[in-house]
Amino acid sequence: MASQDWFDKDFYATLGVAKDVSDAELKKTYRKLARKYHPDSNQGDSAAEAKFKEISEAYAVLSDKEQREEYDQIRAMGSGARFTAGGQGAGGFEDVFSRFGQGRGGGARFDQAGDFDDFFTMFDRGGASGGFGAGRFGQTSGGFRGYGGPTRGADVMARTTLDFATAAGGETISLQGEDGKPFKVKIPAGVADGQKIRLRGRGRPSPDGGENGDIVVQVSVRPHPVFVRDGLNIRLTVPVTFTEAVLGATIEVPTLGGDTVKLRVAPGTPSGRVLRVKGRGIKTQKGTGDLLAEVQVAVPTHLDDAAREALEAFQALEPKENPRADLMAKARV
């Protein structure tokens with residue numbers, strides 16, 4: 001940081017905190033602002049990036065006890081003390097040095113090396129481990145170049161489309177990078193459509209020795225002709241015949257793994273009833289879902305004469321209840 005910036009920049013105002021802000025409140029405020037203005041959340045927004053750099057610079061100074069003390073002392077001198085080129089005598093330093101020269105026989109005298117001691121001691125306490133004189137504002141401690149350390153490399157976006165079974169069970173796949181070289185991605189079991197997988201440190205390198213960016217892979221999942229995902233559960237619709245629904249039956253239904261399971265359809269099962277098979281859904285580290293089979297009564301579209309006669313005989317014998325009576329009553333309310 002240029003010495004002039006010590007006077008021109010109000011780091012407290014940049015972060016919107018009071019000068020007596022506590023370390024805990026300072027950190028809380030910085031994290032809130034950093035999330036709001038982080039470049040990853042504001043891609044292509046140069047104003048947000050500039051604001052992020054400003055708050056990172058301000059926090060780098062105020063979060064360090066020694067740097068904060070030095071900054072407060074320099075700001076206390078007033079904005080009139082400027083480090084400018086040119087001028088007579090000390091070349092623009094007289095406003096600052098005159099404050100340290102007083103008490104040593106008056107005036108700001110720079111004819112002896114000892115006259116600089118008080119000034120530089122304030123900036124360089126402890127030698128190389130000190131503050132401004134040791135270049136603390138340029139040390140590689142992370143963050144943005146020129147504001148506390150090197151720049152982090154940019155993230156690289158990638159996309160892949162998986163079939164339903166691969167997304168449910170997980171698999172290691174190969175993708176091609178920007179440089180044309182393949183790289184492997186481990187797809188975790190249960191990855192959802194639209195989910196992003198981040199490969200740390202696999203993105204673009206930093207331009208100045210910082211951390212590499214990440215590769216962010218966005219996953220799309222192809223629809224399955226039979227199964228639909230519902231959280232960790234897997235749903236499917238199972239057709240049953242009229243007689244199976246009325247009289248009851250044991251039927252077989254497929255699972256995502258390719259095998260089948262047997263389900264008991266109770267007598268009088270209506271369309272829409274859901275039969276559950278425990279543990280045959282999506283399996284992840286967070287838990288395991290179930291297979292949910294929704295019964296749908298299949299109405300025959302073609303009947304021969306014998307079947308029609310049998311149904312007509314049943315119609316004559318079936319209970320004379322109106323299944324729509326309750327619907328009509330509720331509709332009048």
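See the structure above.
Residues numbered from 1 in each chain as written. Predicted model: local features only at pLDDT ≥ 70, side-chain atom pairs only at ≥ 80, totals over all residues. Heavy atoms only, no water.

A.B. asks: Could you give me a rundown of the sheet that holds strand E5 (residues 215-221), with the residues and numbers involved?
C.D. replies: Sheet strands pair via backbone hydrogen bonds, and the direction of the pair is either parallel or antiparallel. The sheet built from 3 strands is open, its strands ordered E1-E5-E4 with mixed pairing. Two strands close off the open sheet at either side, each with one partner strand: strand E1 (156-162) and strand E4 (196-199). Neighbour to neighbour, the strand axes of the sheet diverge by 25° on average, direction disregarded. One ladder, built from 4 bridges, connects E4 with E5; its direction is antiparallel. Bridge pairing in E5 links Ile197 to Val217. (Pairing = 2+ DSSP bridges. Helix = DSSP H or I, 4+ residues; strand = E, 2+ residues; numbered from the N terminus. Axes fitted to C-alpha atoms, helices over the stretch in contact; angles between N-to-C directions.)

A.B. asks: Before we move on, can you summarise the sheet that holds strand E7 (residues 233-240) with the specific residues and values?
C.D. replies: The sheet built from 4 strands is open, its strands ordered E6-E7-E13-E10 with mixed pairing. Because the sheet does not close on itself, it has two edges, and the strands there are strand E6 (228-230) and strand E10 (274-277). Shown here is a sheet whose adjacent strand axes are inclined to one another by a mean of 35°, direction ignored. Of the strand pairs in this sheet, E10 and strand E13 (residues 291-297) are connected by 4 bridges, and their pairing is antiparallel. Paired with Val274 across the bridge in E13 is Glu294.

A.B. asks: Any chance you could break down the environment of Ala192 for me, citing the residues and the numbers?
C.D. replies: Among the structural elements, Ala192 can be located in the loop between strand E3 (182-187) and E4. For Ala192, a relative accessible area of 27% gives the class partly exposed. Residues Ala192 and Phe164, spaced 28 residues apart in sequence, show a C-alpha to C-alpha distance of 9.4 Å. Once residues within four sequence positions are removed from consideration, Ala192 is found in contact with Val219, Val221 and Arg229. (Buried < 20%, exposed > 50% of the residue type's maximum accessible area, 1.4 Å probe, protein only. Contact = heavy atoms within 4.5 Å.)

A.B. asks: Could you give an account of helix H3 (residues 23-37), with specific residues and numbers?
C.D. replies: Compared with an ideal rise of 1.5 Å per residue, which puts 15 residues at 21 Å, H3 spans 21 Å between its outermost C-alpha atoms and is within 8% of the ideal. Buried within H3 we find Leu26, Thr29, Tyr30, Leu33, Ala34 and Tyr37. The buried residues of H3 occupy one face: seen down the axis, they fall within an arc of 135°. The outward face of H3, more than 90 degrees from its buried face, is lined by the exposed residues Ala24, Lys28, Lys32, Arg35 and Lys36. In this fold, the buried residues of H3 make contact with helix H2 (11-15), helix H4 (46-62) and helix H5 (65-76). (Expected span 1.5 Å × (residues − 1). Arc of directions from axis to C-beta.)

A.B. asks: Run through the pattern of salt bridges, naming residues and quoting values.
C.D. replies: Summed over the entire model, instances satisfying the criterion amount to 13 salt bridges. One salt bridge in this structure joins Asp155 and Arg152, with 3.1 Å as the shortest N-O distance. With relative accessibility at 33%, the residue Arg152 sits in the partly exposed group. Between Arg198 and Asp155 there is a salt bridge, with its nearest N and O atoms 3.2 Å apart. Taken together, the residues Arg198 in strand E4 and Asp155 in the loop between helix H7 (117-123) and E1 connect sequence positions 43 residues apart. For Arg198, a relative accessible area of 37% corresponds to the partly exposed category. Connected via shared salt-bridge partners are Arg152, Asp155, Arg198, Arg200 and Asp214. (Salt bridge = Lys/Arg side-chain N within 4 Å of Asp/Glu carboxyl O.)

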